[in-house]
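# Examination of the molecular architecture
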Amino acid sequence: MGFSKLKIPRVCEHCSKPFEAKTVITRFCSVSCANKAGKERKKLEKEQKEKETLLKKYSNKIAEVQTREFISIAEAKVMYGISKDTLHRLIKRGIISSVNLGVRLTRVKRSDLDAMFTEVKVPYQKEKIQEENEFEVGNCYTLSEVSQKYNANPSTVSGIIRKNNIPKKKVGSFVYVPKKRIDEIFDGK
Ligand SMILES: [Zn+2]
């Protein structure tokens, strides 16, 4: 009988008050604390669930947006990290296409935005470098060299160069043309 009177020193998990527990599994100092703790736990669980639902909804929304050809300004802002002002500027400059379905109902073409971000400047630079190389010593002919090599008179050579938009470079009294392009055209004939 004396055993039932055993008290276990504890700290309430809800109000942090020290108390004497009646059993080893008692966690709260009072029924009221136990109830409050239960309510709090339920609230947390509910919040967690709501967060998960929201997250799921959001990822569904992103997935859905990614299948749509036209998206709203707000969606574009989130997806591409571009400000509203910038988006409107891009529309104005014709860089991205848009349709206006009414006030605050502008829709922008997603593929235009994608293209903006996938545009690679490297090929352009490569082309430029290639063009510069074309005029390096040893990579070009003078016009008279072309005439000699291909046994064509200068006016024919000039005409062919003009017709094929072959780049020329004038250095002093000499006009240089890229060997590669000339050989392609004259050898091809
Ligand atoms: Zn308590």
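### Considerations on the sheet that holds strand β3 (residues 70–72)
Pairing is antiparallel in the open sheet, where three strands are placed in the order β3-β5-β4. Edge positions in the open sheet fall to β3 and β4 (98–100), since each of these has one partner strand only. Across the sheet, the mean angle separating the axes of adjacent strands is 30° when strand polarity is ignored. Direction of pairing for β4 relative to strand β5 (residues 106–109): antiparallel, over a ladder of three bridges. When the bridges of β5 are listed, S98 appears paired with V108.

### Some words on the layout of surface pockets
When its volume is computed, the largest pocket comes out at roughly 160 Å³. As for the largest pocket, its lining consists of S72, I73, A74, K84, H88, R104, L105, T106 and R107. When contributions to the lining of the largest pocket are tallied by element, the ones reaching two or more residues are α2 (73–80), α3 (84–92) and β5. Partitioning the lining of the largest pocket into residue classes produces three nonpolar, three polar and three charged.

### Let's talk about the packing of α2 against helix α4 (residues 110–118)
The geometry of α2 relative to α4 is characterised by a closest axis approach of 12 Å and an angle of 25° between their N-to-C directions. Taken as axis vectors, α2 and α4 run roughly parallel relative to one another. Read as a crossing pair, α2 and α4 show a hand that is right-handed. Contacts between α2 and α4 involve A76, M79 and Y80 from the first element and R110, L113, D114 and F117 from the second.

### Notes on the packing of helix α6 (residues 143–150) against helix α7 (residues 154–163)
Taken N-terminus to C-terminus, the directions of α6 and α7 make an angle of 110°; their axes are 9 Å apart at the nearest point. With respect to α7, the axis of α6 lies roughly perpendicular. Across the interface between the two elements, L143, V146 and S147 from α6 touch P154, V157, S158 and I161 from α7. The residue inventory of the contact of α6 with α7, partitioned by class, reads five nonpolar, two polar and no charged.

### Thoughts on a nonpolar patch on the surface
A surface patch of nonpolar side chains, amounting to about 280 Å² of accessible area, comprises Y58, I62 and V78. With respect to the helices and strands, the residue I62 is situated in helix α1 (residues 31–65).

### A closer look at the coordination of the zinc ion
Taken together, C12 (SG), C15 (SG), C29 (SG) and C33 (SG) make up the protein donors of the zinc ion, found 2.3 to 2.4 Å from the metal. Each of the four donor atoms around the zinc ion contributes to a set of angles spanning 103 to 116°, which defines the coordination as tetrahedral. Each donor residue of the zinc ion lies on the same chain, and together they follow the pattern C-x2-C-x13-C-x3-C.

### Examining unusual backbone geometry
Positive phi values are uncommon outside glycine, yet S16 reaches one of about 65°. Here S16 lies in the loop between β1 (8–11) and β2 (18–21). Here the phi dihedral of N165 falls at roughly 55°; this positive angle occurs in a residue that is not glycine.

What counts and how
- Residues numbered from 1 in each chain as written.
- Predicted model: local features only at pLDDT ≥ 70, side-chain atom pairs only at ≥ 80, totals over all residues.
- Heavy atoms only, no water.
- Pairing = 2+ DSSP bridges.
- Helix = DSSP H or I, 4+ residues; strand = E, 2+ residues; numbered from the N terminus.
- Axes fitted to C-alpha atoms, helices over the stretch in contact; angles between N-to-C directions.
- 1 Å grid on protein atoms, 1.4 Å probe; cavity = no way out; pocket = protein on both sides within 12 Å on 5 of 7 lines; lining within 4 Å.
- Points joined across faces, edges and corners; volume = space filled by probe spheres on them.
- Nonpolar A, V, L, I, M, F, W, Y, C, P; charged D, E, K, R; others polar.
- Parallel < 35°, antiparallel > 145°, perpendicular 65-115°, else oblique.
- Left-handed = near helix turned anticlockwise from the far one by under 90°.
- Contact = heavy atoms within 4.5 Å.
- Patch = residues over 30% accessible without salt bridge, like charges linked within 9 Å, V, L, I, M, F, W, Y side chains within 5 Å.
- Areas by Shrake-Rupley, 256 points an atom, 1.4 Å probe, with all protein chains shown as cover.
- Salt bridge = Lys/Arg side-chain N within 4 Å of Asp/Glu carboxyl O.
- Donors = N, O, S within 2.8 Å, 3.2 Å for Na, K, Ca; no water.
- Tetrahedral: all angles 85-135°; square planar, octahedral: opposite > 155°, others 65-115°.

Any functional reading would require information that these geometric values do not contain.
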